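Residue-level listing of the chains:
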Amino acid sequence: MLRPEKLEDQIQFLLANLIQRNLKDPELGFVTLTAVRLTGDRGIAKVYYTVLGEELQVKNTQQALVRATGFLRSNLAKRLSLRRIPELRFYHDASVTEGNRMEELFSKIKEEDALRKNDENDSE
């Protein structure tokens, strides 16, 4: 039996390939799987993803992934040698978006700090 971390990585890899190559849903955006976390009993796989686009694209992608859950799970069963394939639950991972927003804020602070230093030097 695989260690949970190794199984999570394997599920993430397989799902990413299945989504990229086999899902043809037009509402599916440009999806990147960021993590898969299994519950202790390995009954549920929480699949975290990011998607490029606005809130509507995120919502459409969530719906497309939910519609494809049966297909993805049955294809996982063909590729994994597990007695029971975990139930897939998809969650939007906003950490990348939040990270980008924080990076923008830090850049603004840096610019304002540089402007303030220039103003202080000019007044001397």
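The rules behind the values
- Residues numbered from 1 in each chain as written.
- Predicted model: local features only at pLDDT ≥ 70, side-chain atom pairs only at ≥ 80, totals over all residues.
- Heavy atoms only, no water.
- Pairing = 2+ DSSP bridges.
- Helix = DSSP H or I, 4+ residues; strand = E, 2+ residues; numbered from the N terminus.
- Axes fitted to C-alpha atoms, helices over the stretch in contact; angles between N-to-C directions.
- Contact = heavy atoms within 4.5 Å.
- Buried < 20%, exposed > 50% of the residue type's maximum accessible area, 1.4 Å probe, protein only.
- Arc of directions from axis to C-beta.
- Core = buried A, V, L, I, M, F, W, Y, C linked by side-chain atoms within 4.5 Å.
- Parallel < 35°, antiparallel > 145°, perpendicular 65-115°, else oblique.
- Left-handed = near helix turned anticlockwise from the far one by under 90°.
- Nonpolar A, V, L, I, M, F, W, Y, C, P; charged D, E, K, R; others polar.
- Expected span 1.5 Å × (residues − 1).

Enquirer: Sorry, what's going on with the pairing of strand S1 (residues 31-38) here?
Expert: The side chains of a regular strand alternate, first on one face of the sheet and then on the other. When S1 meets strand S2 (residues 44-51), the two strands line up antiparallel, connected through seven bridges. The residue of S2 that forms the bridge with Thr32 is Thr50. The turn joining S1 and S2, which pair antiparallel and follow one another in sequence, is formed by five residues; a positive phi near 60° is taken by Arg42.

Enquirer: Help me understand the sheet that holds S2, please; the structure alone is not making it clear to me.
Expert: Whenever strands of a sheet pair, they do so through backbone hydrogen bonds, lying parallel or antiparallel. In spatial order, the strands read S1-S2-S3; together these three strands make up an open sheet with mixed pairing. Strands at the two margins of the open sheet, each flanked by one partner only, are S1 and strand S3 (87-92). Each neighbouring strand pair of the sheet contributes to a mean axis angle of 25°, computed without reference to strand direction. Helix H2 (residues 55-67) rests against S1, S2 and S3 of the sheet, and its axis sits at about 145° to S2.

Enquirer: Would you mind going over helix H3 (residues 69-79) with me for this structure?
Expert: For an α-helix the count is 3.6 residues per turn, leaving residues at separations of three or four pointing the same way. Among the residues of H3, those classed as buried are Thr69, Leu72, Asn75 and Leu76. Looking straight down H3, one finds its buried side chains confined to an arc of 135°; they lie on one side. Exposed residues pointing more than 90 degrees away from the buried face of H3 are listed as Gly70 and Lys78.

Enquirer: So what exactly am I meant to see when it comes to the nonpolar core here?
Expert: As a rule of thumb, nonpolar side chains are buried together in soluble globular proteins. Counting 26 residues, the largest nonpolar core has Ile11, Leu15, Leu72, Leu76 and Leu88 as its most contacted members. Secondary-structure elements contributing two or more residues to this core are helix H1 (4-22), S1, S2, H2, H3 and S3. Ranked by residue count, the leading element in this core is H1, at six residues.

Enquirer: Is there a simple way to explain the packing of H1 against H3 in this structure?
Expert: Think of two packed helices as two axes; the pair is described by the angle between the axes and how far apart they sit. Their axes nearest at 10 Å, the elements H1 and H3 cross at an angle of 125°. On the basis of the axis angle, H1 is oblique to H3. Regarding H1 and H3, the two cross each other, and that crossing is right-handed. Residues Ile11, Leu14, Leu15, Leu18, Ile19 and Asn22 of H1 lie in contact with H3, whose contacting residues are Phe71, Leu72, Asn75, Leu76 and Arg79. Of the residues that constitute the contact of H1 with H3, the class distribution is eight nonpolar, two polar and one charged.

Enquirer: Just to check I follow, could you spell out the environment of Ala94 for this structure?
Expert: Position of Ala94 relative to the elements: it lies in the loop between S3 and helix H4 (95-123). Relative accessible area serves as the criterion here: at 35%, Ala94 is assigned to the partly exposed category.

Enquirer: Would you mind going over H1 with me for this structure?
Expert: Counted at 1.5 Å a residue, the expected span for H1 with its 19 residues is 27 Å, and the 26 Å between its end C-alpha atoms agrees. Residues of H1 that are buried include every one of Leu7, Glu8, Ile11, Gln12, Leu14, Leu15, Leu18 and Ile19, and no others. Where H1 is buried, its residues meet S1, S2, H2, H3 and S3.

It is worth stressing that arrangement in space is one thing and function is another; only the former is reported here.
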